[in-house]
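Take a look at the letters that make up each chain.
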Amino acid sequence: MRAFFEIEGGFPVSGEIKISGAKNAVLPALAATLLSPGVYRFTNAPRVSDLCTMLELLSHLGAKWWEEGQTLLVDTSGVTEFEAPYDLVRLMRASVLVLGPLVARFGKARVALPGGCPIGKRPVDLHLRGLERLGARIEISHGYILAFAEKGLSGTEIVLDIPSVTATENLMMAAALAKGRTEIRNAAREPEVVFLGEMLLEMGARIEGLGTERIVIYGRDDLSPPPSEVRIIPDRIETGTYLVLPGLTGGELVLSDTDVSFLEAPLEKLREAGLEIETESHRIFVRVSRRICPLKVVTAPYPGFPTDLQAQIMVLMTRAKGVSLITENLFENRFQHVFELRRMGAEIEVDGRTAVVKGPVRLQGAEVEASDLRASACLVLAALAAEGVSRVYGLEHLDRGYERMAEKLSSVGARIRRGRDEAEELGRSCWSGASRKAF
Ligand SMILES: CC(=O)N[C@H]1[C@@H](OP(=O)(O)OP(=O)(O)OC[C@H]2O[C@@H](n3ccc(=O)[nH]c3=O)[C@H](O)[C@@H]2O)O[C@H](CO)[C@@H](O)[C@@H]1O
Ligand SMILES: C=C(OP(=O)(O)O)C(=O)O
């Protein structure tokens, strides 16, 4: 038996959805706790299974974590291990984020080599080459990355071939404990990278150029936990996922506790598609009162249109009158949702990196299987738009990055329920076990 969402489509949404903290911000923030022993306090951490995996990894390394109300606390005073085992890395590629902090602080790290992933090959060569530039010796042995820097790391210049998000984060963390000045060129500019940099500043690091392609880090001998709570920034991808919903079902939504400044490219595209959008700094009001227009969408590193919203906007385009072109530039295999959308009646052809979507079609409810995290969100959206009942399988992907999705959607009038028993309802969840307190 597998978990599924059963969804009856075609009901307009209405109401408010509160956006959670960003998965892609909490993961590097937790990795950064390895840079200095002590107690760290986080608020607005999303209760998603990737957070659970990262907490398991930190526990494996010797850290402790607990909660006080909604605050998540992590104590890294007892970290003694240097290994991220395959069992955890295979669940979550972002486990590789512990590599930089471990080798910088302890002079050694052993991290399982992440394999390919459903959306693409996703090598980690830029992480490894950057660490080598900082003076680490890297070996690959028996499926593990071994990194050594017995005499510490030294500042250097690193030019990334691609503005990789997690490579920039790994190298920024490592450089924060390296001797001297490190310059990272062609650095990623994502809000989550800026957020991590700001946390490192709170820990005593000196960093310039956050949010630009040139980040300069002046390493310190020691860092310390931030003096106050670190608030995880809102999830721009969760926001974008729910933003397209009124375009599919009709109705109107208010998305609160978000950050509009992170969403310029998606907001521009959705307005071009015909959605009526009004914004305040932390709230977005969205509704649709006219026909959806076709779009040309090209994914790109921030501030371009995010690859993590490509699948969701593709569903919207099945509603548009005319031909839409959606080009995926970041990951070579991120069109797997197309096959499932076709099973629901969508007319989509893939030509190399571009999906050609012909609309409008009325999607039909079906049983579908998600291949990855954003494909799962796309299929939920498609099912909410479709005529009849759908079952969306593959919720282990969805649970990685969406907090309480069924509950949030039900609260705005969607007909969605999670199938299977109550224990499964929470998905893979380290805080639902009898031995641990619930968040
Ligand atoms: C935990 C996290 O923050 N995940 C996000 C992060 O993933 P992640 O950081 O893994 O994605 P990258 O920015 O690294 O990937 C961008 C491109 O660079 C390539 N590459 C990357 C590293 C490397 O060493 N060599 C290499 O060739 C990748 O295969 C990909 O084609 O950014 C992606 C792109 O916005 C998002 O989809 C993910 O949600
Ligand atoms: C691809 C994603 O995440 P990850 O990099 O953690 O696989 C995502 O968030 O869409």
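Residues numbered from 1 in each chain as written. Chains lettered and ligands numbered in written order. Predicted model: local features only at pLDDT ≥ 70, side-chain atom pairs only at ≥ 80, totals over all residues.

**Some points on the site of ligand 1**
Going by this rule: Using a C-beta atom placed from the backbone, a residue is scored as near a molecule or strand whenever that atom is within 6 Å of it. Under the DSSP-based scheme used, a helix requires at least four consecutive residues in state H or I and a strand at least two consecutive residues in state E, with every element numbered from the N terminus. Each residue receives one of three labels: charged for Asp, Glu, Lys and Arg, nonpolar for Ala, Val, Leu, Ile, Met, Phe, Trp, Tyr, Cys and Pro, and polar for the others, Gly being one of them. The start and end points of each domain follow an automatic or database-based domain assignment.
The full set close to ligand 1 counts 21 residues, and Asn24, Leu126, Ser164, Val165 and Thr166 are the nearest of them. Counting residues per element, the ones that place at least two in the shell around ligand 1 are α1 (23-32), α5 (125-133) and α6 (165-176). Split into classes, the residues belonging to the shell around ligand 1 amount to 10 nonpolar, 6 polar and 5 charged. Viewed by domain, the shell around ligand 1 spans two of them, domain 1 (4-20 + 234-425) and domain 2 (23-231), each represented by three or more residues.

**Things to note about the site of ligand 2**
Taken together, Asn24, Arg93, Ala94, Asp308, Leu373, Arg374 and Gly401 make up the full set of residues adjacent to ligand 2. Taken domain by domain, the shell around ligand 2 gets at least three of its residues from each of domain 1 (4-20 + 234-425) and domain 2 (23-231).

**Describing the UniProt feature "domain: Enolpyruvate transferase" (unreviewed entry) in the protein**
Inclusion rule: UniProt positions are given in the numbering used here, feature names are shortened, and annotations may be inferred rather than shown by experiment.
Mapped onto the present numbering, the UniProt feature "domain: Enolpyruvate transferase" (unreviewed entry) falls on residues 8-409. Note that residues 8-409 is 32% helix and 25% strand, and that its end C-alpha atoms are spaced 12 Å apart.

**Quick word on the pairing of strand β11 (residues 181-185)**
Which entries qualify depends on this criterion: Exposure in this text rests on C-beta crowding, where 20 or more other C-beta atoms within 10 Å of a residue's own make it buried, 12 or fewer make it exposed, and counts in between make it partly exposed. The C-beta atoms are placed from the backbone. When the strands point away from the viewer and the path from the first strand over the helix to the second turns clockwise, the crossover is right-handed. DSSP bridges decide pairing: two strands pair if at least two such bridges lie between them.
Residues Thr182 and Ile184 of β11 are buried on one face, while the alternating residues Arg181, Glu183 and Arg185, pointing to the opposite face, are not. Each parallel crossover has a hand, and the one from strand β10 (residues 157-159) via α6 to β11 is right-handed. Where β11 meets strand β13 (residues 214-218), 5 bridges bridge the pair, whose relative direction is antiparallel. Within the sheet, the bridge partner assigned to Glu183 lies in β13 and is Val216.

**What to know about the sheet that holds strand β14 (residues 230-231)**
Taken in spatial order, the 4 strands line up as β4-β5-β3-β14 in an open sheet, and their pairing is mixed. Unpaired on one side and paired on the other, β4 (64-68) and β14 mark the two borders of the sheet. With 2 bridges joining them, strand β3 (residues 39-43) and β14 adopt parallel strand pairing. Counterpart to Phe42 in the pairing with β14 is Val230.

**Some remarks on the environment of Ala366**
As a reminder of what qualifies: Distance between backbone-placed C-beta atoms decides contact: two residues are in contact if it is within 7 Å.
For Ala366, the location among the structural elements is in the loop between β21 (354-359) and β22 (367-369). Residues Ala366 and Gly388, 22 residues apart in the sequence, show an inter-C-alpha distance of 8.1 Å. With sequence-adjacent residues up to four places away left out, Ala366 is seen in contact with Arg343, Met344 and Ser390.

**Things to note about the UniProt feature "binding site: UDP-N-acetyl-alpha-D-glucosamine" (unreviewed entry) in the protein**
The feature "binding site: UDP-N-acetyl-alpha-D-glucosamine" (unreviewed entry), as given by UniProt, occupies Arg93, Arg122, Pro123, Val124, Asp125, Leu126, Asp308 and Leu330 in the numbering adopted here. With respect to the element layout, Val124 can be found in the loop between β7 (108-112) and α5. By C-beta crowding, Val124 is classed as partly exposed, having 19 other C-beta atoms within 10 Å. Apart from the residues lying within four places of it in its own chain, the contact partners of Val124 are Val96 and Pro114. Within the secondary structure layout, Leu330 lies in the loop between β19 (322-327) and α12 (337-343). Non-local contacts of Leu330, meaning those with residues more than four positions away in its chain, are made with Thr299 and Thr307.

**Some details on the domain arrangement of the protein**
Its domain assignment divides the protein into domain 1 (4-20 + 234-425) and domain 2 (23-231). Relative to domain 2, the C-alpha centre of domain 1 lies at a distance of 30 Å. Listed as interface residues are 19 residues of domain 1 and, on the opposing side, 15 residues of domain 2. Broken down by element, the residue count for the side of domain 1 that touches domain 2 peaks at 3 residues, all from helix α14 (residues 395-401). Split by residue class, the side of domain 1 that touches domain 2 holds 6 nonpolar, 5 polar and 8 charged.

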